[in-house]
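# Residue-level structural notes
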Amino acid sequence: MNILVCISNVPDTTSKINFVENDKIFDTNGVQFIINPNDEFGLTRAIWFQQKNQATVTVVTVGEISCEPILRKCLAIGANKAVRIDSKALDGFSVAEQLKSLCEKESFDIIICGRESIDYNGGMVPGMLAQMLEMPFVTNCISMDVNGNEVIAKREIDGGVETLSCSLPIVIGAQKGLVEESDLIIPNMRGIMQARQKPLDVVAPANSFSKSSVDKFEKPPAKGSVKLVDPDNIDELISLLHNEAKVI
Amino acid sequence: MAIIVYAESQNGKFKKSAFEAVSYGRALANESNKNLVVISINADDPNELANYGPDKVLSVKDSSMNDYTAQVYADTISELSKKEGVSILVLSSSADSKYMSPLLAVQLGAGLASNVVSTPISISPLVVKRSCFTNKAFNHTTLKGSINIICVSNNSYGIHEKESRPEVVDVKISKNNPKIKVESLDKATGSVSIADADIVISGGRGLKGPENWHLIEDLASTLGAATACSKPVSDMGWRPHSEHVGQTGKPVASNLYIAIGVSGAIQHLAGINASKVKVVINNDPEAPFFKAADYGIVADAFDVVPKLIEKLKAFKSHQ
Ligand SMILES: Cc1cc2nc3c(=O)[nH]c(=O)nc-3n(C[C@H](O)[C@H](O)[C@H](O)COP(=O)(O)OP(=O)(O)OC[C@H]3O[C@@H](n4cnc5c(N)ncnc54)[C@H](O)[C@@H]3O)c2cc1C
Ligand SMILES: Nc1ncnc2c1ncn2[C@@H]1O[C@H](COP(=O)(O)O)[C@@H](O)[C@H]1O
């Protein structure tokens with residue numbers, strides 16, 4: 001079994017989000033980068049398949065050299081090899097095209113992406129890749145079991161869970177539930193040492209076109225201060241919600 | 001050329017977000033001087049859309065589409081959109097619409113922007129404002145396709161009624177060939193889902209244990225609200241994963257969000273910040289949630305929530 005996990009390099013969840021150069025560029029000053037949390041749930045499931053079914057796990061990121069520490073971390077967690085497609089991630093469409101060209105060179109049975117990245121929040125790349133490769137696609141995926149060629153996957157839907165079946169190869173958009181928080185693997189010393197020996201291939205980008213560009217960022221307006229209501233005067237809260245905020 | 005909207009329905013009824021998407025489409029059509037064509041799939045009464053201004057409604061009724069499969073829906077919507085000469089396709093930001101939007105983008109060779117929070121900043125070139133960094137910021141995205149797709153964020157534009165007399169056309173679809181089969185659907189009936197809810201009541205670790213969740217549930221049922229929780233609460237198994245909201249959970253964009261015994265960690269706030277009005281109940285005046293909230297009560301939840309439920313019941317019965 002050959003598994004690809006697509007990794008997005010994102011600012012840590014506690015990062016202060018600021019912009020520079022007239023709000024055109026994200027300020028990476030002092031920002032720690034991490035594996036996109038949804039991708040980490042997916043990677044952990046891939047390692048599970050590696051241990052159970054001897055699957056080979058490749059991780060890939062489309063990005064510049066600054067993304068390599070994250071790939072090394074994936075190797076320390078247990079991935080067999082890493083690939084960096086040496087191109088700035090322009091937009092979802094061009095990233096999907098880059099990933100597609102890798103998938104056409106090697107054949108993967110399972111392609112795992114995160115449901116969405118926590119920086120761009122596009123939720124675009126996995127579905128685009130699936131459509132480009134004409135593979136079945138399950139996003140918001142909270143469980144995936146493989147039996148021979150058959151896949152049973154569960155998708156979280158608004159207010160419930162849907163169980164789906166299809167055959168390999170498949171593309172999924174992973175999220176928490178696929179594995180639990182407590183299953184996440186913290187690399188140990190041995191893993192970190194081994195990661196240094198594992199292959200991290202840098203490949204040249206394929207030709208791709210972007211279909212969108214981000215020109216500028218904006219921060220939400222500063223919030224006014226909270227109106228505190230006396231706990232002995234709940235009627236006031238109800239009146240504020242009804243008359244002032246008009247939400248009840 | 002036309003503005004196309006897919007109006008999402010569930011069990012034959014249009015979702016609220018469908019009317020919002022049609023309202024948004026009407027605004028786009030006016031601004032760009034184009035016709036507004038709305039696609040409805042298995043909705044019982046497509047004429048209901050006439051309240052929101054379409055020029056034409058394409059109604060598909062096909063039992064093979066009773067189960068939602070993103071691929072089959074995308075195939076159908078892209079085929080109809082091409083026939084109508086689509087320039088911009090508008091979808092909601094529901095889980096189902098976000099699921100199929102990238103498939104549609106590839107099929108139509110279109111530019112795609114999800115989580116769009118307002119009408120375009122500019123129509124030509126097409127520039128939209130969308131949320132990013134999990135609601136900590138917005139970006140201005142230029143869509144460069146000759147066809148483009150916009151997913152409108154829930155509750156961001158609102159529903160604007162505008163009566164029209166659309167031509168309603170029944171359309172047949174080509175036979176589809178799904179790659180994925182829906183085996184079963186396990187849906188909580190009767191309760192309100194977080195995605196559709198106007199009001200969400202959320203509980204955190206401050207509630208001490210699952211046995212106290214009747215407080216959250218009673219408050220929610222009094223207000224017709226959905227229930228949600230913080231991440232540790234679902235990690236500890238007090239509540240199902242599907243209720244976990246925040247940066248790594250479900251996003252919330254309700255009109256009213258009431259957080260009880262939730263500290264307001266940055267990862268929690270990121271996921272719920274798009275809600276319009278936020279209320280916090282917490283016994284620690286230093287809890288970070290007070291900085292993000294519009295209204296707050298510093299008190300023990302076990303004292304104040306029962307009173308709040310009682311008062312709200314009285315308020316509701318007078319309305
Ligand atoms: C990568 C990452 C991703 C994360 N993603 C998410 C996410 O998506 N969603 C999320 O929620 N969290 C997320 N977290 C966790 C987040 O950092 C916080 O740990 C979490 O939100 C805290 O949950 P809580 O507010 O329920 O609990 P606590 O922080 O323990 O807060 C409990 C609150 O209850 C109050 N309280 C106690 N007793 C009472 C009482 N009797 N009456 C009233 N109030 C009372 C306390 O004053 C306190 O403020 C993430 C963390 C990381 C590292
Ligand atoms: N630059 C990238 N390189 C590799 N995978 C990516 C990249 N950007 C996004 N992805 C994958 O696509 C998923 C969704 O990203 P997005 O479309 O940005 O929300 C992520 O969780 C990753 O799995």
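Our structure's up above, just so we're on the same page.
Residues numbered from 1 in each chain as written. Chains lettered and ligands numbered in written order. Predicted model: local features only at pLDDT ≥ 70, side-chain atom pairs only at ≥ 80, totals over all residues. Heavy atoms only, no water.

## Some words on the interface of chain B and chain A
Facing 83 residues of chain B, the contacting portion of chain A comprises 73 residues. The contact between chain B and chain A buries some 6900 Å² in all, and 59% of this surface belongs to carbon and sulfur atoms. Taken as a group, Tyr 99, Phe 133 and Tyr 295 of chain B account for 11% of the area that chain B buries against chain A, more than any other trio of residues on that side. Summed over the shared surface of chain B and chain A, the result is nine salt bridges. Between Glu 156 of chain A and Lys 250 of chain B there is a salt bridge, and its shortest N-O distance comes to 3.0 Å. There are 43 residue pairs in polar contact (both at pLDDT 80 or more) connecting chain B and chain A. Looking at the side of chain B that touches chain A, its residues break down into 37 nonpolar, 27 polar and 19 charged. (Contact = heavy atoms within 4.5 Å. Buried area = accessible area lost by both parts, 1.4 Å probe. Salt bridge = Lys/Arg side-chain N within 4 Å of Asp/Glu carboxyl O. Polar contact = N/O pair within 3.5 Å; in protein donor to acceptor, adjacent residues only side chain to side chain. Nonpolar A, V, L, I, M, F, W, Y, C, P; charged D, E, K, R; others polar.)

## Focus: the sheet that holds strand 16 (residues 277-282) of chain B
Strand-to-strand pairing in sheets goes through backbone hydrogen bonds, with the strands running parallel or antiparallel. Spatially, six strands are ordered 15(A)-17(B)-16(B)-15(B)-13(B)-14(B) in an open sheet, and the strand pairing comes out parallel. Each edge of the open sheet carries a strand with a single partner, namely strand 15 (227-228) of chain A together with strand 14 (226-229) of chain B. With respect to the sheet, helix 4 (residues 214-223) of chain B is in contact with strand 13 (199-203), strand 14 and strand 15 (256-260) of chain B, its orientation differing from that of strand 13 of chain B by roughly 175 degrees. Sheet strands in contact with helix 8 (residues 301-317) of chain B are strand 15, strand 16 and strand 17 (295-298) of chain B, and its direction is about 130 degrees off that of strand 16 of chain B. (Pairing = 2+ DSSP bridges. Helix = DSSP H or I, 4+ residues; strand = E, 2+ residues; numbered from the N terminus. Axes fitted to C-alpha atoms, helices over the stretch in contact; angles between N-to-C directions.)

## Re the sheet that holds strand 11 (residues 160-167) of chain A
Read across the open sheet, the 10 strands follow the order 13(A)-7(A)-6(A)-1(A)-8(A)-12(A)-9(A)-10(A)-11(A)-12(B); overall the sheet is mixed. For this open sheet the edge positions go to strand 13 (200-203) of chain A together with strand 12 (181-187) of chain B, each flanked by a neighbour on one side alone. Neighbour-to-neighbour, the strand axes of the sheet open up by a mean angle of 25 degrees, direction not taken into account. In this structure, strand 9 (residues 137-147) of chain A lies alongside strand 10 (residues 150-157) of chain A, joined through six bridges in antiparallel fashion. Note that in strand 10 of chain A the partner of Val 146 of chain A across the bridge is Val 151 of chain A.

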